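Listed here are the chains, written in short residue letters.
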Amino acid sequence: MSDTQKVVPSTPATISPAPLPKRARGRGGSFLLQRAGFYVVTAWVALTLNFLIPRFMPGDPAQALALQITRQTGAQLTPEMLDSIRTLYGDPNTNLLEQYLSYLGSIVTGDFGIAVSRYPTPVIDLILAALPWTLFLVGVSTIVAWVVGTGLGVIVGYRPGGKLDNWLTPISQFFSSMPSFWVALVCLWIFALTLGIFPSSGGYDPSVPFEITNFWFLASVLQYGALPILTSIFVGFAGWLFAMRNMMVTTVSEDYVTLARAEGLSNRRVTFRYAARNAMLPNITGLATSIGAILGGVVLTEIVFTYPGMGYLLFNAITTKDYPLMQAIFLMIVLAVLIANFIADSLYVLLDPRTREN
Amino acid sequence: MRRLLKNRKFAVGMIISIVFLVIALLGPWFVSSVMQVDPRGIDYDAISAPPSPQHLLGTNHVGQDVLAQLIIGARGSVTVGLLSGIIATVIAVLVGTTAGYLGGIPDRAINAVVNVLMTLPGFALLFIIAGYVQEAGILLIAVVIGLLEWPGGARSIRAQTMSLRNRDFTSALRTVGESTPRIIAVEVVPHLGGVISSMFLKAVVAGIFMEASLAFLGLGSTSEITWGTMVSQAQTGGAILRGHWWFFLPPGLAIALIGFATAMINFGLDEITNPQLNARLNARTRQFNREQRRRRALAEAGGPA
């Protein structure tokens, strides 16, 4: 901490450090409160879109859905089920506002309707089973890709126009321009089918008992998750590399970095503790804005590896025209993105003193 | 312009993009009259055949020529990219300049909408709409993609407009009594060239990507050929399981090349407008500094002795 304080132009806060923590927490808190309000509004917009889209589609989705269920399963719908479908997909007999209110009510209580493709399982059960797998993939691959990309960006950006920069930057740009599902297919082809190093599909070894406490089960989860995770890292790391590189290039020419160098500090210390530390901030906000795209990529990767997460569930929902499932997955993706955004905002408050001061 | 072409990244990106544009424009003519192949025609003697003189990139699982499909697919994919890019850019310019120029309450309202739309994952919105409109043509897909892609660009255009709004030339026109739409169209938009072109290129690539992703999810066009539908066919046709690389590698590489090319153009433009980012200039400065230091060291060593 003392290193940065030495180089950052002194603010009143650095002169009297004692009362800062309390005030800082207050400022950061109101910033976060404001952000939270924004995310609530965004979630409401998503909910409303989710309500409007099926109602503005040609035909009567609710009617079609009821017919589809009877056709696929041969089961007669109970009046309660018909009611639930009407709530979620539109009822010509009640007005839109009433429908909207009861729709919001059922979403808040977690009632997303019944999955057509796996009648009569409630949609929420399918989603809760798939969610942990996707969170695992997204979490691990995002963290690794971010660390690798940002780290390489620091190294490359410290010497723009150097040999490493001239080669690594365009090559990783090329990598990052590949569609995730295509990279997944190529990985599947090379590592699973040709070399046989990793399993080609699934999320765990089916011959091992499905217990979270079982060591072999966890080991098989890692083994089966390796290829999807590698794919996501491969597609994702370059974006962080460029952002970091460009920020580094501009930061390296700042006066305080020159001063640090003039003080005779080691190259490594100047790079990481002076330049990189400040250049990293946009990469952290970038984490928030890109989480939607990362999720999109992971969703497609899961389909290639028939990984039991949300992406594969979505694929099944689309191929069987299971609208309740599709819409619930849509809401879940939105929710995940909003939560990730909020986490990134909180991180930003922790890392950038400027959001706490003035 | 000469400064642009001197930049290696920009030149490479431009060349690749132009090649793809030419393929998209002339490809169908080339396939039918020079190669004399029907991209949907089936060669029963060569099903899933590896590359050979007859089929330079082999054939797919139903016996269609992969090279012909790749060339035809370029038109499909590039059309989706360009159309969605144009739609997204036009909306972004309209919304961004209006918000940035007017300021005040209209700006705050527009900005709130833009922020909400930016946070909503566009991909998820796209699949849910496409899920309801199944078997949409590529034009409809392009329009929907374009309608979802504009918020990011609108934000940067708004920021740029806000700074232009207070420059002397705009305030001069305001005092003369020029109408707001005219000031925006004639004075503000031309100064946004850099932001607009970079946003447009990104939107084109994003459009190609999204169409390919939709096709892979099974929501693409069933009647037209695009690179996305090719990869998706390879997947469903079992090309990966059987290791028929000639079927699924080329379309993905084509998408990657276009993405690479546009990114290089943007990189080059950045370097030209922002000398701090110029890699070659930076390298030369470092070399100069090193040389200076060496001379000084030599002089010091030689001086007092």
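Residues numbered from 1 in each chain as written. Chains lettered and ligands numbered in written order. Predicted model: local features only at pLDDT ≥ 70, side-chain atom pairs only at ≥ 80, totals over all residues. Heavy atoms only, no water.

Undergrad: Talk me through the overall build of chain A; I want residue IDs and the actual numbers.
TA: Across its full length, chain A holds 15 helices and 0 strands. Evaluated residue by residue, chain A yields a buried proportion of 49% over its 358 residues. Taking as baseline every contact in chain A between residues at least 6 positions apart, the subset at least 24 positions apart corresponds to 73%. Split by element, the accessible area of chain A, about 17,200 Å² in all, is 68% carbon and sulfur. (Helix = DSSP H or I, 4+ residues; strand = E, 2+ residues; numbered from the N terminus. Buried < 20%, exposed > 50% of the residue type's maximum accessible area, 1.4 Å probe, protein only. Contact = heavy atoms within 4.5 Å. Areas by Shrake-Rupley, 256 points an atom, 1.4 Å probe, with all protein chains shown as cover.)

Undergrad: Let's hear about the overall build of chain B: which residues, and what values?
TA: A tally of regular secondary structure across chain B gives 13 helices and 0 strands. Helices and strands in chain B line up, N terminus first, as α-α-α-α-α-α-α-α-α-α-α-α-α. The globule rule puts the C-alpha radius of gyration for 305 residues at 19 Å, and the 25 Å found for chain B is more than 25% above it. With respect to the three principal axes, the spread of C-alpha positions in chain B is 80 × 70 × 35 Å. In chain B, which comprises 305 residues, the proportion classed as buried is 49%. Taking contacts inside chain B between residues at least 6 apart in sequence as the whole, the part at least 24 apart equals 73%. Accessible surface, chain B: about 14,600 Å² in total, of which carbon and sulfur atoms supply 64%. (Rg over C-alpha atoms; globule rule 2.2 N^0.38 Å.)

Undergrad: How would you sum up unusual backbone geometry? Please name residues and give values.
TA: Unlike most non-glycine residues, Thr306 of chain A shows phi in positive territory, near 40°. Its location among the elements puts Thr306 of chain A in the loop between α13 (281-304) and α14 (310-319).

Undergrad: If you had to explain the packing of helix α11 (residues 255-262) of chain A against helix α12 (residues 267-279) of chain A to someone new, which residues and values would you point to?
TA: All names here are of chain A. At a minimum axis distance of 10 Å, the contact between α11 and α12 shows a crossing angle of 170°. Put simply, α11 runs roughly antiparallel to α12. For the pair α11 and α12, the contacting residues are Tyr256, Val257, Ala260 and Arg261 in the first and Val270, Tyr274, Ala275 and Asn278 in the second. Residues that form the contact of α11 with α12 fall into these classes: 6 nonpolar, 1 polar and 1 charged. (Axes fitted to C-alpha atoms, helices over the stretch in contact; angles between N-to-C directions. Parallel < 35°, antiparallel > 145°, perpendicular 65-115°, else oblique. Nonpolar A, V, L, I, M, F, W, Y, C, P; charged D, E, K, R; others polar.)

Undergrad: Outline the interface of chain A and chain B, listing residues and values.
TA: The partner chain B presents 48 residues to the 58 residues of chain A that form the contact. With both sides pooled, the region where chain A packs onto chain B buries about 4,800 Å², and carbon together with sulfur makes up 79% of that total. When the buried area of chain A at its contact with chain B is split by residue, Phe181, Trp182 and Trp189 of chain A rank highest and sum to 13% of it. For the interface between chain A and chain B, the tally reads 0 salt bridges. Here chain A is connected to chain B by 2 residue pairs in polar contact (both at pLDDT 80 or more). Of all the secondary-structure elements, those providing two or more residues to the side of chain A that touches chain B are α3 (20-56), α8 (163-176), α9 (180-194), α10 (215-252), α13, α14 and α15 (323-351) of chain A. (Buried area = accessible area lost by both parts, 1.4 Å probe. Salt bridge = Lys/Arg side-chain N within 4 Å of Asp/Glu carboxyl O. Polar contact = N/O pair within 3.5 Å; in protein donor to acceptor, adjacent residues only side chain to side chain.)

Undergrad: Any chance you could break down a positive patch on the surface for me, citing the residues and the numbers?
TA: A cluster of basic side chains, namely Arg159 and Arg261 of chain A together with Arg290, Arg293 and Arg296 of chain B, defines a positive patch on the protein surface. In this fold, Arg296 of chain B is placed in helix α13 (residues 279-302). (Patch = residues over 30% accessible without salt bridge, like charges linked within 9 Å, V, L, I, M, F, W, Y side chains within 5 Å. Lys, Arg positive; Asp, Glu negative; His and termini not counted. Charge placed at Lys NZ, Arg CZ, Asp CG, Glu CD.)

Undergrad: I'd love a proper account of the side chain of Glu149 of chain B, names of residues and values included.
TA: On the secondary structure map, Glu149 of chain B appears in helix α6 (residues 138-149). Ignoring any residue separated from it by four or fewer positions in sequence, one finds Glu149 of chain B in contact with Ser84, Ala88, Ala203, Ala206, Gly207 and Met210 of chain B.

Undergrad: Tell me about the nonpolar core, and please be specific about residues and values.
TA: If you look at the biggest cluster of nonpolar residues, it comprises 129 residues, and the most contacted ones within it are Ile127, Trp182 and Ile329 of chain A together with Phe127, Leu217, Trp227 and Phe248 of chain B. With 13 residues, α15 of chain A is the largest single contributor of residues to this core. With 17 residues, the next largest nonpolar core counts Ala92, Val95, Tyr101 and Val188 of chain B among its residues. (Core = buried A, V, L, I, M, F, W, Y, C linked by side-chain atoms within 4.5 Å.)

Undergrad: Describe helix α6 (residues 96-108) of chain A, with residues and values.
TA: Residues and elements named next belong to chain A. With 13 residues, α6 ought to run about 18 Å at 1.5 Å a step, and its terminal C-alpha atoms sit 18 Å apart, in line with that. Taken together, the buried positions of α6 are Gln99, Tyr100, Tyr103, Ser106 and Ile107. The arc that holds the buried residues of α6, viewed along the axis, is 130°, so those residues lie on one side. Of the exposed residues in α6, the ones pointing more than 90 degrees away from its buried face are Leu97, Leu101 and Val108. (Expected span 1.5 Å × (residues − 1). Arc of directions from axis to C-beta.)

Undergrad: Could you give me a rundown of the side chain of Asp107 of chain B, with the residues and numbers involved?
TA: Looking at the element boundaries, Asp107 of chain B is found in helix α4 (residues 104-119). Aside from chain neighbours lying at most four places away, what touches Asp107 of chain B is Ala99, Gly100 and Arg158 of chain B.

Undergrad: Quick one: what's the story with the pattern of salt bridges, residue by residue and with numbers?
TA: For the structure shown, the criterion picks out 5 salt bridges over all chains. Where Arg245 of chain A meets Asp165 of chain A, a salt bridge forms, and the shortest distance between an N and an O atom there is 2.8 Å. Remark: Asp165 of chain A occurs in helix α8 and Arg245 of chain A occurs in helix α10; sequence separation between them is 80 residues. Taking the shortest distance from any N to any O, the salt bridge between Arg158 of chain B and Asp107 of chain B comes out at 2.6 Å. Taken together, the positions of Arg158 of chain B in helix α7 (residues 151-165) and Asp107 of chain B in helix α4 put the pair 51 residues apart, joining distant regions of the chain. In this pair, the class of Arg158 of chain B matches that of Asp107 of chain B, namely buried. A single network of salt bridges, built from pairs that share partners, joins Glu291, Arg294 and Arg295 of chain B.

Undergrad: Explain helix α10 (residues 193-217) of chain B to me, using residue names and the numbers behind them.
TA: Owing to its 3.6 residues per turn, the α-helix brings residues three or four apart onto one side. Between its terminal C-alpha atoms α10 of chain B stretches 36 Å, which fits the 36 Å expected from 25 residues at 1.5 Å a residue. Backbone geometry just after α10 of chain B places Gly218 of chain B at a positive phi near 90°.

Undergrad: With reference to specific residues and values, describe the environment of Gly228 of chain B.
TA: Residue and element names in this part refer to chain B. Here Gly228 is to be found in helix α11 (residues 227-236). With 11 residues separating them along the chain, Gly228 and Leu217 place their C-alpha atoms 9.8 Å apart. Those residues in contact with Gly228, other than ones at most four positions away along the chain, are Ser77, Glu211, Ala212 and Ala215.

Undergrad: Which residues make up the packing of helix α7 (residues 123-158) of chain A against α13 of chain A, and what are the values?
TA: In helix packing, the relevant descriptors are the interaxial angle and the interaxial distance, both defined with respect to the helix axes. All names here are of chain A. Where α7 meets α13, the closest approach of the two axes is 10 Å, and the angle between their N-to-C directions is 130°. As far as their axial angle goes, α13 and α7 are oblique. Viewed along their axes, α7 and α13 form a crossing whose handedness is right-handed. Listed contacts from α13 to Thr134, Leu137, Val138, Thr142, Trp146 and Thr150 of α7 are Asn283, Ile284, Leu287, Ile294, Leu295, Val298 and Glu302. Here the residues of the contact of α7 with α13 sort into 8 nonpolar, 4 polar and 1 charged. (Left-handed = near helix turned anticlockwise from the far one by under 90°.)

Undergrad: So what about the packing of aromatic side chains? Which residues, and what values?
TA: Residues and elements named next belong to chain A. Taken as a whole and judged by the stated rule, the model has 12 aromatic pairs over all chains. Between the aromatic rings of Tyr39 and Phe342, the centroid separation amounts to 6.3 Å while the plane-to-plane angle is 90°, which identifies the pairing as edge-to-face. Of the two residues, Tyr39 is situated in helix α3 and Phe342 in helix α15; the sequence distance between them amounts to 303 residues. An aromatic cluster of three or more residues is present, and its members are Phe38, Tyr39 and Phe342. (Phe/Tyr/Trp six-rings, centres within 6.5 Å; stacked < 30°, edge-to-face > 60°.)

Undergrad: So what's going on with the confidence of the model for chain B? Residues and values would help.
TA: All names here are of chain B. Mean pLDDT for chain B: 81, with 93% of residues reaching 70 or above. Helix α3 (residues 66-102) holds the highest mean pLDDT among the elements of chain B, 88, whereas helix α1 (residues 2-6) holds the lowest, 69. Reported for the predicted complex are a pTM of 0.81 and an ipTM of 0.80. (pLDDT = per-residue confidence, 0-100.)

Undergrad: I'd love a proper account of a nonpolar patch on the surface, names of residues and values included.
TA: Residues and elements named next belong to chain B. There is a patch of nonpolar side chains on the surface, built from Ile18, Val22, Leu25, Leu26, Trp29, Phe30 and Val34 and spanning about 700 Å² of accessible area. Looking at the secondary structure, you find Ile18 in helix α2 (residues 8-35). A relative accessible area of 46% places Ile18 in the partly exposed class.

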